[in-house]
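Here is how the chains run, residue by residue.
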Amino acid sequence: MTQPRSRLRPAVSQGMACAALVTAAGLLAASPASSVTRDGTGTATTAAQALAAPDIPLANVKAHLTQLQSIATANGGNRAHGRTGYKASVDYVRAKLDAAGFTTTLQQFTSSGSTGYNLVADWPGGDPNQVLMTGAHLDSVSAGPGIDDNGSGSAAVLETALAVSRAQFQPAKHLRFAWWGAEELGMVGSRNYVNSLSAADRAKISGYINLDMVGSPNPGYFVYDDDPAIEKAFKDWYAGLGIPTEPETEGDGRSDHASFKNAGIPVGGLFTGAERTKTAAQAAKWGGTSGQAFDRCYHSSCDTTANIDDTALDRNSDALAYAIWTLAATAPPSGDSYENTTDVAVPDNGAAVTSAVTVSGRTGNAPSALRVGVDIKHTWRGDLVVDLLAPDGTAYRLKNSSGSDSADNVIATYTVDASSEPANGTWRLRVQDVAAQDTGYIDSWKLTF
């Protein structure tokens, strides 16, 4: 995880609908209690127990950490960007994936005068227009081997990918896994990957799950409060174990999910804490030591295999498998859509403009997962601030401006918890260009209930 930095936090997250599970023969059950979700029409439905999600063997995850430690030890004590230890880490992970039947791609980029690498692995099958992506950064800081930060996330993602292969899992969605380079320099690798995608390919990523530090030695159990469907999958898992969670705030904007979130892609993830101090209340519900950092070896030479809490690593690995099996099982449900296809020009560095959609004939309030499909043509999407305005004028932030978001167009589907709003009325998409020299227009947008 990179050092703290200031970043605006969107008021809502983007999303995909939570799906029911399918059965994978021969797998053991990981079975939190059944729960109530909402489909695209806002109708309450009951999700089946998670009979398909496999148990991820802790011994296998720890074996990967042992290998990463050995790689660091043999390469100057670290696995940092531009160092031999990082490339050796990539080669180790790639060999495992290639042997398991994944299609792997090595993406190169340059940062701080050195070549960096992202490793991307695709599992055959699934809808190529609905990609569920999971990732973790594989680099360490130069000060140490980076076993919690972020060997833990990298190993959990790797072993879960290998579990997909062992099960020959064939979900409705296409599964993609990634290990990012140069995260410690400011999410360089993941940002490079996202910026390299066309607008159409970005729109195909229905969700991105991030694991960064999931085995901290004085752990907390934090769940990203971004996309509601991803968040729900993780919270359901921990509720089934009787373990309370808290929203993840320490790492917001500091890890690779930010690269996806800034591009309008729904994100979620898990975290066990970094340099912040565990409170007495947190120690009372999770155990561990209050008044001490979640990871006292954060960004230090002592972040070795001795710096891991096995229970936290085991739980988070299993939680990841549950979320992937849950979210990838089926495509998002369809629903009633209301669309406006009239072009609306967006003034360069000017006042906000709106486009209206009128909803009528519905009963009750809007759903907790109201989907907002946006197609904005623009030559520099980082200039744009996008909001959904409810009939009473309540604003739901869909996208903030970002000086680092240099791509064009905003083509994405966002999810808004609009359950406090009456469904009927005139809803508006509000778009403002807050910087000069780029132009565009609202091409179309729609609400799906």
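What this report covers is the structure whose coordinates are included nearby. (Residues numbered from 1 in each chain as written. Predicted model: local features only at pLDDT ≥ 70, side-chain atom pairs only at ≥ 80, totals over all residues. Heavy atoms only, no water.)

## Some points on the packing of aromatic side chains
Inference 1: For the coordinates displayed, the defined rule picks out 15 aromatic pairs.
Inference 2: Ring centres 5.0 Å apart and planes at 50 degrees place the aromatic pair F102 and W123 in the tilted group. In this pair, F102 sits in the loop between α2 (84-99) and β3 (103-111) while W123 sits in the loop between β4 (114-122) and β5 (127-137), placing the two residues 21 residues apart along the sequence. Neither F102 nor W123 differs from the other in exposure class; each is buried.
Inference 3: Centroid distance Y221 to W286: 6.1 Å. Interplanar angle 75 degrees. Geometry classified as edge-to-face. You can see Y221 sitting in the loop between β7 (205-211) and β8 (222-223) and its partner W286 sitting in helix α8 (residues 280-286), a full 65 residues away along the chain. The same class applies to Y221 and to W286, which are both buried.
Inference 4: Among the aromatic residues, those joined into a cluster by ring pairs are Y221, F222, Y238, F271, W286 and F294.
Inference 5: Taking the ring centre of Y117 as reference, the NZ or CZ of K87 above it sits at 5.5 Å.
Inference 6: When the ring centre of W286 is taken as reference, the NZ or CZ atom of K285 above it lies at 5.0 Å. (Phe/Tyr/Trp six-rings, centres within 6.5 Å; stacked < 30°, edge-to-face > 60°. Helix = DSSP H or I, 4+ residues; strand = E, 2+ residues; numbered from the N terminus. Buried < 20%, exposed > 50% of the residue type's maximum accessible area, 1.4 Å probe, protein only. Lys NZ or Arg CZ within 6 Å of the ring centre and 35° of its normal.)

## Observations concerning the sheet that holds β7
Inference 1: The strand order β3-β4-β6-β5-β7-β10-β8-β9 describes an open sheet built from eight strands, whose pairing is mixed. Only two strands of the sheet have a single partner each, and these edge strands are β3 and β9 (246-247).
Inference 2: Its contacts with the sheet place α2 against β3, β4 and β6 (173-180), and it is angled at close to 15 degrees to β4.
Inference 3: Helix α9 (residues 310-327) rests against β5, β6, β7 and β10 (267-271) of the sheet, and its axis sits at about 175 degrees to β7. (Pairing = 2+ DSSP bridges. Contact = heavy atoms within 4.5 Å. Axes fitted to C-alpha atoms, helices over the stretch in contact; angles between N-to-C directions.)

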